[in-house]
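# Chain and residue survey
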Amino acid sequence: MADQARLLVVDDEPSLQDIVATSMRFLGYEVSTAATGREAVKAAIAQNPDLVILDVMLPDFDGLEVMRKIRAAGVDAGVLFLSARDTPADKIAGLTAGGDDYVTKPFGLEELAARVAAVLRRVRPDDDSSVVLRVSDLELDEETYQVTRAGQIIDLAPTEYKLLRHMMINANVVLSRQQLLDAVWGTDFYGDDSVVATYISYLRRKIDSGAETPLLFTHRGFGYVLRGQRK
């Protein structure tokens, strides 16, 4: 997407940091990472991100102190806290200190993605570049959930919609079954990855059937791609 939102993911647990950063990149965001409070402050000042996904418990100083330091340095990024602390007092402390949202661990990647999008809408109110995704004559409206091709409305089930949205964000990029599985069904999905092929087939029938130019392609041994001109 044009004018991609910039995210800074801060967590000292390598596996969680990688999962969050990777899932956000799948959604089309520019992502950098940090593992300590000092690294986070340095990165935030240097990069001026739109949103900081910030673990409350860090090895040197906590996320609240990180937020105070970056605010003092003039960084006005949105802040979404991640924490294993789930008491009302902890949440209130994070939000009253100036955080925009507070997500407790463990969390689902789909929920996190929705929270990130909601915070970005608040901190970037004039940025509507991601409201409608367009690839060739295919359009997806993220506010109304309406999908059209050549002006004709296409009725999609929720999972079909999520799959198509992810492929449109990553148009012209070949995505493996595992990448699609993690992005759409979540990393905690333990079913057969053949479900991806099944839903690709559903989508192909709905968006390519009767069309002069197909958009969905299979790269055998590699994965799937939505190929077309991004607008």
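Residues numbered from 1 in each chain as written. Predicted model: local features only at pLDDT ≥ 70, side-chain atom pairs only at ≥ 80, totals over all residues. Heavy atoms only, no water.

Under an unreviewed UniProt entry, the name given to the protein is DNA-binding response regulator, and the source organism is Nakamurella antarctica.

To continue, consider the domain arrangement of the protein. Examined at the domain level, the protein breaks down into domain 1 (6–123) and domain 2 (132–226). Relative to domain 2, the C-alpha centre of domain 1 lies at a distance of 29 Å. Every contact between the two is made by 6 residues of domain 1 and, on the other side, 9 residues of domain 2. Area buried by domain 1 at its contact with domain 2 is led by F26, L27 and E110, which between them contribute 72% of it. In this assembly, domain 1 and domain 2 are joined by 1 salt bridge. Taking the shortest distance from any N to any O, the salt bridge between K162 and E110 comes out at 2.9 Å. (Domains from an automatic or database assignment. Contact = heavy atoms within 4.5 Å. Buried area = accessible area lost by both parts, 1.4 Å probe. Salt bridge = Lys/Arg side-chain N within 4 Å of Asp/Glu carboxyl O.)

What follows concerns the confidence of the model for the protein. Taken as a whole, the protein shows an average pLDDT of 87; of its residues, 94% reach a score of 70 or greater. Averaged over each element, pLDDT in the protein is lowest for helix α4 (residues 88–96) (71) and highest for strand β1 (residues 6–10) (96). (pLDDT = per-residue confidence, 0-100. Helix = DSSP H or I, 4+ residues; strand = E, 2+ residues; numbered from the N terminus.)

Okay, the pattern of salt bridges next. Here the structure, examined in full by the defined rule, presents 15 salt bridges. As a salt-bridge pair, R38 and D60 come within 3.2 Å of each other at their nearest N and O atoms. Placement of the pair is R38 in helix α2 (residues 37–47) and D60 in the loop between β3 (51–55) and α3 (63–72), with a sequence separation of 22 residues. Residue classification places D60 among the partly exposed residues on the basis of a relative accessible area of 29%. Here R165 makes a salt bridge to E142, at a shortest N to O gap of 2.5 Å. Pair noted here: R165 is in helix α6 (residues 158–169) and E142 is in the loop between β7 (138–141) and β8 (147–149), with a separation of 23 residues, a long-range link. Taken together, the salt bridges that share partners define one network made up of D11, D55 and K105. (Buried < 20%, exposed > 50% of the residue type's maximum accessible area, 1.4 Å probe, protein only.)

The next thing to look at is unusual backbone geometry. Looking along the chain, the bond that leaves K105 and enters P106 is cis, with omega of -5°. Structurally, P106 can be placed in the loop between β5 (101–104) and α5 (109–123). At Y145, a position not held by glycine, the phi torsion is positive, near 65°. Following the sequence through the fold, Y145 ends up in the loop between β7 and β8.

For the rest of this paragraph, the subject is the sheet that holds β7. Read across the sheet, 4 strands follow the order β6-β7-β8-β9 without closing on themselves; strand pairing throughout is antiparallel. Every other strand in the sheet has two partners, leaving β6 (132–135) and β9 (152–154) as the edge strands with one partner each. The average angle at which neighbouring strand axes cross in this sheet is 25°, direction not considered. Two elements, β7 and β8, share 3 bridges in a ladder whose sense is antiparallel. If you follow E139 over to β8, its bridge partner there is T148. Across the sheet, α6 lies against β6, β7 and β8, angled at about 115° from β7, the strand it touches most. (Pairing = 2+ DSSP bridges. Axes fitted to C-alpha atoms, helices over the stretch in contact; angles between N-to-C directions.)

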